[in-house]
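Tertiary structure, described
Now for the letters of each chain:
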Amino acid sequence: MGDRPMMDEHEQITIRLTQMVNYLSKRITPQRDMSRVDRAPERGAWSVRQIVAHLRDTEARIYPKLFAIANYDFPDLRELPPPIVTTDNQEISIFTVMSQFRRLRQSTLSLLRELPDDAWSRAGNDVDNRTVTIKDLALYLQAHDAEHLAQIDQTLIARDALPHHVTPLVPA
């Protein structure tokens, strides 16, 4: 396969986490009718804006854990200050929420990119009293992104708002 070395698992995870911002942008930036992203497709479901706010809030909850594990020996993550709880404020545009998510994700990516390979196995004691590593948390974010990106696609399809140039991650 030529002289190019295979990408290691940590690089692959980091790239997938980086791609999420682009995936969101391709789906949300072309939107002109904000009701399609601000309203849920059915009662009890989340709107696209609520999904992106959830992604932002999850990132805000995970980043301090990553930082603590990267900087302290086996930190007790239960001692971290509780994350700031955001309300589902409909006055905040989806573009603002997406920008907030992007800034948080960039912090996460900066931290992960600076880690030597052996640091990905550094661990801490999580809130449920189990051991969690930096790699575990990064993989969690990756899976969480995939789950909610598919949910965004389903919601945009239901609202007839998936941009034509976007291939959905779920069957139409």
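Refer to the preceding data block for the structure.
Quick summary incoming for the structure in this document. None of these values were measured; they are calculated from a predicted model.

Position of His148 relative to the elements: it lies in helix H5 (residues 134-158). Using a relative accessible area of 6% as the deciding quantity, one classes His148 as buried. With sequence-adjacent residues up to four places away left out, His148 is seen in contact with Trp46, Ile51, His54 and Leu55.

This brings us to the packing of aromatic side chains. The full count for this structure, using the stated rule, is one aromatic pair. With a centroid separation of 6.2 Å and an interplanar angle of 40 degrees, the aromatic rings of Tyr63 and Phe67 are classed as tilted. Highlighted residues: Tyr63 and Phe67, both in helix H3 (residues 48-71), separated by four residues, approximately one helical turn.

Our next topic: unusual backbone geometry. Most of the time, phi is negative for any residue but glycine, and the peptide bond is trans. For Phe74, which is not glycine, the phi torsion reads 40 degrees and is therefore positive. Residue position: Phe74 is located in the loop between H3 and helix H4 (94-114). Here Asn129, not a glycine, exhibits a phi torsion of approximately 65 degrees, which is positive. Relative to the helices and strands, Asn129 is located in the loop between strand E1 (123-125) and strand E2 (131-133).

Turning to the pattern of salt bridges, a few remarks are in order. Across all of its chains, the model carries 11 salt bridges by this definition. Of the charged contacts in the structure, one is a salt bridge between Arg36 and Asp33, with a shortest N-O distance of 3.7 Å. Under the relative-accessibility criterion, Arg36 is labelled partly exposed at 29%. With a relative accessible area of 38%, Asp33 lands in the partly exposed category. For Asp73, the salt bridge goes to Arg122, with nearest N and O atoms at 3.4 Å. In this pair, Asp73 is assigned in the loop between H3 and H4 and Arg122 in the loop between H4 and E1, connecting sequence segments 49 residues apart. Residue Arg122 is classed as partly exposed on the basis of its relative accessible area of 26%.

Once that is clear, we can look at the environment of Ala150. Within the fold, Ala150 resides in helix H5. Judged by relative accessible area, Ala150 falls into the buried class, the value being 18%. With 117 residues separating them along the chain, Ala150 and Asp33 place their C-alpha atoms 21 Å apart.

A word on helix H1 (residues 9-28). Between its first and last C-alpha atoms H1 spans 29 Å; for 20 residues at 1.5 Å apiece the expected length is 28 Å, and the two agree. Residues of H1 that are buried: His10, Ile13, Thr14, Leu17, Met20, Val21, Leu24, Arg27 and Ile28. The secondary structure elements touched by the buried residues of H1 are H3, H4 and H5.

Moving on, we get to the packing of H3 against H4. Where H3 contacts H4, the two axes come as close as 9 Å, and the packing angle between them is 25 degrees. With respect to H4, the axis of H3 lies roughly parallel. When the axes of H3 and H4 are compared, the crossing they make is left-handed. The segment H3 lies against H4, with Val48, Arg49, Val52, Ala53, Leu55, Arg56, Glu59, Ala60, Tyr63, Leu66, Phe67 and Ala70 engaging Ile94, Val97, Met98, Gln100, Phe101, Leu104, Arg105, Ser107, Thr108, Leu111 and Leu112. Grouping the constituent residues of the contact of H3 with H4 by class yields 16 nonpolar, three polar and four charged.

Rules used in this analysis
- Residues numbered from 1 in each chain as written.
- Predicted model: local features only at pLDDT ≥ 70, side-chain atom pairs only at ≥ 80, totals over all residues.
- Heavy atoms only, no water.
- Helix = DSSP H or I, 4+ residues; strand = E, 2+ residues; numbered from the N terminus.
- Buried < 20%, exposed > 50% of the residue type's maximum accessible area, 1.4 Å probe, protein only.
- Contact = heavy atoms within 4.5 Å.
- Phe/Tyr/Trp six-rings, centres within 6.5 Å; stacked < 30°, edge-to-face > 60°.
- Salt bridge = Lys/Arg side-chain N within 4 Å of Asp/Glu carboxyl O.
- Expected span 1.5 Å × (residues − 1).
- Axes fitted to C-alpha atoms, helices over the stretch in contact; angles between N-to-C directions.
- Parallel < 35°, antiparallel > 145°, perpendicular 65-115°, else oblique.
- Left-handed = near helix turned anticlockwise from the far one by under 90°.
- Nonpolar A, V, L, I, M, F, W, Y, C, P; charged D, E, K, R; others polar.

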